[in-house]
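Breakdown of the fold
The lines below spell out each chain.
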Amino acid sequence: MEINITHFFNTAAPMDYSASVAEIGADAGPATWAAACDDSPANMLLDDDAKREAFKEHIRGFGAWSDEEIAAWTEVELNALFMQLIAGDMREADIGPESTADDWIAYEERAHAGQCSGNIFRATDGEVYYSLEG
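I will try to describe carefully the structure that is included in this document. Throughout this document, residue positions are counted from 1 along each chain, in the order its sequence is written. In keeping with the model being predicted, local features are shown solely for residues with a pLDDT of at least 70 and side-chain atom pairs are shown and tallied solely at 80 or more, while totals for entire chains, interfaces and linings include all residues. Here the side-chain values reflect all heavy atoms present in the structure, with hydrogen atoms and water set aside.

**Focus on the nonpolar core**
Only buried residues count toward a nonpolar core, which is a set of Ala, Val, Leu, Ile, Met, Phe, Trp, Tyr and Cys residues joined through side-chain atoms within 4.5 Å. The buried label goes to any residue with under 20% of its type's maximum accessible area, the exposed label to any with over 50%, and the partly exposed label to all in between, with areas taken from a 1.4 Å probe on protein chains only. One finds Ile5, Phe55, Phe82, Ile86 and Ile120 to be the most contacted residues of the largest nonpolar core, which totals 33 residues. Within the residue set of this core, elements represented by two or more residues are α1 (6-11), α3 (28-39), α4 (49-60), α6 (75-93), α7 (101-112) and β3 (128-131). Numbered from the N terminus, helices here are DSSP runs of H or I no shorter than four residues, and strands are runs of E no shorter than two. The element contributing the most residues to this core is α6, with 10 residues. Setting aside its immediate chain neighbours within four residues, Phe82 contacts Ile3, Ile5, Leu45, Leu46, Phe55, Tyr130 and Leu132. Every residue pair with non-hydrogen atoms within 4.5 Å of one another is taken to be in contact.

Shown next as structure tokens:
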């Protein structure tokens, strides 16, 4: 499934949702999680059951959470995790709303070379999507 993330991509401050201890201190994990949970209702990307189930299936492949843990998350928490995943991918790929056509090409080349996640893509109409296929 591909989820349109254009508004979030263009307006979010990715470091609010994905930052390291070296960047923001020892509470980086709890701080970014709290920010994602606080902002999740205003950025509801997983806005229907099909998207939520596709995301759950996607993250099951990470092996980080049990089926019980995943099932226990609220819609806000599930969406917050998605926001963190997008933000981390944006930061890793060094892409954002200011990215030029050349930046997108360079990102795609790095993704194809396995140097960063390639889950984010820009469609021909300029909309930005996150693919849950990989």
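**A short note on the pattern of salt bridges**
By definition here, a salt bridge exists when the distance from a side-chain nitrogen of Lys or Arg to a carboxyl oxygen of Asp or Glu is within 4 Å. According to the stated counting rule, one finds 7 salt bridges in the structure shown. One salt bridge connects Glu23 with Arg91, and the closest N-O pair in it is separated by 2.5 Å. Taken together, the positions of Glu23 in helix α2 (residues 21-24) and Arg91 in helix α6 put the pair 68 residues apart, joining distant regions of the chain. A relative accessible area of 33% means that Arg91 is categorised as partly exposed. Note that Glu53 is salt-bridged to Lys56, the shortest N-O span being 3.4 Å. Here Glu53 pairs with Lys56, and both are found in helix α4, just 3 residues apart, close to one helical turn. You can call Lys56 buried: its relative accessible area is 16%.

**Side note on a negative patch on the surface**
Patch membership is restricted to residues that have no salt bridge and whose relative accessible area is over 30%. Joining uses 9 Å for like charges and 5 Å for the nonpolar side chains Val, Leu, Ile, Met, Phe, Trp and Tyr. For accessible areas, the Shrake-Rupley method is used with a probe of radius 1.4 Å. Any residue's cover is judged against the shown protein chains and nothing else. In this tally Asp and Glu are treated as negative and Lys and Arg as positive; neither His nor the chain ends contributes. In plain terms, the charge of a residue is placed at NZ if it is Lys, CZ if Arg, CG if Asp and CD if Glu. On the surface, Asp94, Glu98, Asp102 and Asp103 cluster together into a negatively charged patch. Structurally, Asp94 can be placed in the loop between α6 and α7.

**Let's talk about the packing of α3 against α6**
Lines fitted to C-alpha atoms define the axes, with helix axes restricted to the stretch in contact, and inter-axis angles between N-to-C directions lie between 0 and 180 degrees. Put simply, α3 and α6 touch, their axes get as near as 8 Å, and they point 120° apart. As the angle between them shows, α3 and α6 are arranged oblique. Crossing geometry of α3 relative to α6 is assigned as right-handed. Here Thr32, Trp33, Ala36, Cys37 and Asp39 of α3 come into contact with α6, specifically with Val76, Glu77, Ala80, Leu81, Met83 and Gln84. The class makeup of the residues in the contact of α3 with α6 is 7 nonpolar, 2 polar and 2 charged. Any angle between 65 and 115 degrees counts as roughly perpendicular, while under 35 counts as roughly parallel, over 145 as roughly antiparallel, and the rest as oblique. It is the rotation of the near helix from the far one that decides the hand of a crossing: anticlockwise by less than a right angle makes it left-handed, clockwise makes it right-handed. Lys, Arg, Asp and Glu make up the charged group, whereas Ala, Val, Leu, Ile, Met, Phe, Trp, Tyr, Cys and Pro make up the nonpolar group; the residues left over, Gly among them, are polar.

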